[in-house]
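Examining the three-dimensional arrangement
Take a look at the letters that make up each chain.
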Amino acid sequence: MRRAGLLNPALCAAVAGLRHTDTFVVADCGLPVPAGVPVIDLSLVFGIPRFNEVLEAVLDEIVVDHVVIADEAVGGAPEGWVRSRIDDVVTISHEELKKEVAGASFVVRTGETTSFANVIVSCGVPF
């Protein structure tokens, strides 16, 4: 039994396998995920768990190089949630973001229903 941090076994295993430059996605419940990309589905009902709660929990476990959000998220709550924790934020169109998901190590699906609450996280190193 872990003392703190992530408890979901699939998410713990996926995070433990990340390396420098690997990417993963924290997504709202509507983001399309290409076939072949593993999904760790934490969604319970609409709104639970929230994107920002899941993002906070995962960010406490990793080193971030930079993140990518959709241009359409700029000015909204999702941008605020991301920028409150991460300094290096790149924006691309939502259509491009959906294409980039195909290269992710995994997607964490939340119950979030706020539009454009999706982030691609690129892992850094602690040294």
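Notes on the structure in this doc start here. Please read all numbers here as calculations on a predicted model, not as lab measurements.

1. Some remarks on the overall build of the protein
Counting secondary structure elements, the protein contains four helices and six strands. Going residue by residue from the N terminus, the α and β elements of the protein occur as α-β-β-α-β-α-β-α-β-β. Its C-alpha atoms give the protein a radius of gyration of 13 Å, near enough to 14 Å, the size a compact globule of 127 residues would have. Each principal axis of the C-alpha distribution contributes one length, and for the protein these read about 40 × 35 × 30 Å.

2. Here we look at the sheet that holds strand E6 (residues 119–123)
The strand order E2-E5-E1-E6-E3-E4 describes an open sheet built from six strands, whose pairing is mixed. Two strands lie at the open edges of the sheet, namely strand E2 (39–41) and strand E4 (89–92), each paired on one side alone. Each adjacent strand pair in this sheet contributes to an overall mean axis angle of 20 degrees, direction not counted. By the bridge criterion, four bridges tie strand E3 (residues 64–70) to E6 in an arrangement that is antiparallel. By the bridge assignment for E6, His 66 is matched with Ser 122. Together, strand E1 (23–27), E3, strand E5 (107–109) and E6 form the strand contacts of helix H2 (residues 51–59), whose direction differs from that of E1 by roughly 150 degrees.

3. Some details on the pattern of salt bridges
Tallied over the entire structure, the rule returns eight salt bridges. A salt bridge links Asp 60 to Arg 85, with the shortest nitrogen-to-oxygen separation between them at 3.2 Å. Note that Asp 60 is positioned in the loop between H2 and E3 and Arg 85 in the loop between helix H3 (77–83) and E4, a separation of 25 residues in sequence. With a shortest N-O distance of 2.7 Å, Arg 83 and Glu 79 are connected by a salt bridge. Here Arg 83 and its partner Glu 79 are both found in helix H3, four residues apart, which amounts to about one turn of the helix. With a relative accessible area of 37%, Arg 83 lands in the partly exposed category.

4. A word on a nonpolar patch on the surface
Taken together, Leu 44, Val 45 and Ile 48 make up a surface patch of nonpolar side chains, about 300 Å² in accessible area. By secondary structure assignment, the location of Val 45 is in the loop between E2 and H2. For Val 45, a relative accessible area of 47% corresponds to the partly exposed category.

What counts, and at which threshold
Residues numbered from 1 in each chain as written. Predicted model: local features only at pLDDT ≥ 70, side-chain atom pairs only at ≥ 80, totals over all residues. Heavy atoms only, no water. Helix = DSSP H or I, 4+ residues; strand = E, 2+ residues; numbered from the N terminus. Rg over C-alpha atoms; globule rule 2.2 N^0.38 Å. Pairing = 2+ DSSP bridges. Axes fitted to C-alpha atoms, helices over the stretch in contact; angles between N-to-C directions. Contact = heavy atoms within 4.5 Å. Salt bridge = Lys/Arg side-chain N within 4 Å of Asp/Glu carboxyl O. Buried < 20%, exposed > 50% of the residue type's maximum accessible area, 1.4 Å probe, protein only. Patch = residues over 30% accessible without salt bridge, like charges linked within 9 Å, V, L, I, M, F, W, Y side chains within 5 Å. Areas by Shrake-Rupley, 256 points an atom, 1.4 Å probe, with all protein chains shown as cover.

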